[in-house]
Amino acid sequence: MRQPLALLLFDRLLPGSQLVNRMQDKGYRVITVAAPDQLIDACRRDKPILLIADVPERSDGVCAALTLLHQTPDTSHVPVIAVIPSDSPDTEQAARKTGAKLVVQDSVVLAHLEQFLEQALQLD
């Protein structure tokens, strides 16, 4: 049986590598996407069940890619967990506008990863 695939779009090395390790410990295959402009192609090619995206304070490129992902018919089904910096209401608002299923602060994502994965993967 194949492991479920999660895509990870993370610029920051330390939290990104910790998230990769945690996801692998939970039985996921993880593929990282190097840049927001590669996101749609990666989703089409790799068919992930989930995307976890780091949304930095200057998030225009990432937010545009997440919005396009949500608007594209063959990728719109991919649930997105947007990870934002703590205490950044503008970034939170921008991430919510992209259509992300969950928007969570980077300070809690590892501690509550199991719950966030369950919520993101629930069918509406």
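Our structure is the block above this text.
Residues numbered from 1 in each chain as written. Predicted model: local features only at pLDDT ≥ 70, side-chain atom pairs only at ≥ 80, totals over all residues. Heavy atoms only, no water.

Quick look at the overall build of the chain
Now for step 1: Per the secondary structure count, the chain includes five helices and five strands.
Now for step 2: Taken over C-alpha atoms, the radius of gyration comes to 13 Å for the chain, in line with the 14 Å a tight globule of 124 residues would show.
Now for step 3: Structurally, the chain occupies a C-alpha span of about 40 × 35 × 30 Å along its principal axes.
Now for step 4: Looking at the 124 residues of the chain, the share that counts as buried comes to 44%.
Now for step 5: Summarising the internal contacts of the chain: among those between residues at least 6 apart in sequence, 62% fall at separations of at least 24.
Now for step 6: With an accessible surface of roughly 7,100 Å², the chain has 50% of that area assigned to carbon and sulfur atoms. (Helix = DSSP H or I, 4+ residues; strand = E, 2+ residues; numbered from the N terminus. Rg over C-alpha atoms; globule rule 2.2 N^0.38 Å. Buried < 20%, exposed > 50% of the residue type's maximum accessible area, 1.4 Å probe, protein only. Contact = heavy atoms within 4.5 Å. Areas by Shrake-Rupley, 256 points an atom, 1.4 Å probe, with all protein chains shown as cover.)

Some words on the nonpolar core
Now for step 1: Grouped together as the largest cluster of nonpolar side chains are 22 residues, with contacts concentrated most on Leu9, Leu39, Leu51, Val55 and Leu66.
Now for step 2: Looking at this core, the elements with two or more residues in it are strand E1 (5-9), helix H2 (39-46), strand E3 (50-54), helix H3 (60-71) and strand E4 (80-84).
Now for step 3: It is H3 that contributes the most residues to this core, five residues altogether.
Now for step 4: Residues in contact with Val55, not counting those within four places in the same chain, are Val62, Cys63, Leu66, Ala82, Val83, Ile84, Pro85, Thr91 and Ala95.
Now for step 5: Tyr28, Ile52, Val104 and Val109 belong to the second largest nonpolar core, which has 19 residues in total. (Core = buried A, V, L, I, M, F, W, Y, C linked by side-chain atoms within 4.5 Å.)

So, the sheet that holds E3
Now for step 1: The strand order across the open sheet built from five strands is E2-E1-E3-E4-E5, with neighbouring strands paired in parallel fashion. Of all strands in the sheet, those with a lone pairing partner are strand E2 (29-32) and strand E5 (102-105), marking the two edges. If you compare each strand with its neighbour and ignore which way they point, the axes differ by 20 degrees on average.
Now for step 2: Pairing analysis gives four bridges linking E3 to E4, with the strands arranged parallel. Bridge assignment links Ile52 to a residue of E4, and that residue is Ile81.
Now for step 3: Contacts between H2 and the sheet are confined to E1, E2 and E3, with E1 contributing the most and set at about 170 degrees to the helix.
Now for step 4: Those strands touched by helix H5 (residues 113-121) are E3, E4 and E5, and its axis lies near 165 degrees from that of E5. (Pairing = 2+ DSSP bridges. Axes fitted to C-alpha atoms, helices over the stretch in contact; angles between N-to-C directions.)

What to know about the environment of Pro15
Now for step 1: Along the polypeptide, Pro15 turns up in helix H1 (residues 13-25).
Now for step 2: For the pair Pro15 and Cys43, spaced 28 residues apart in sequence, the C-alpha to C-alpha distance is 22 Å.

Quick look at unusual backbone geometry
Now for step 1: A positive phi is found at Lys47, a non-glycine position, where the angle reads about 55 degrees.
Now for step 2: In this structure, Lys47 sits in the loop between H2 and E3.
Now for step 3: We note that Asp87 has phi near 55 degrees; this positive angle belongs to a residue other than glycine.
Now for step 4: Relative to the helices and strands, Asp87 is located in the loop between E4 and helix H4 (89-97).
Now for step 5: Looking at Asp87, the relative accessible area reads 72%, which means it is exposed.

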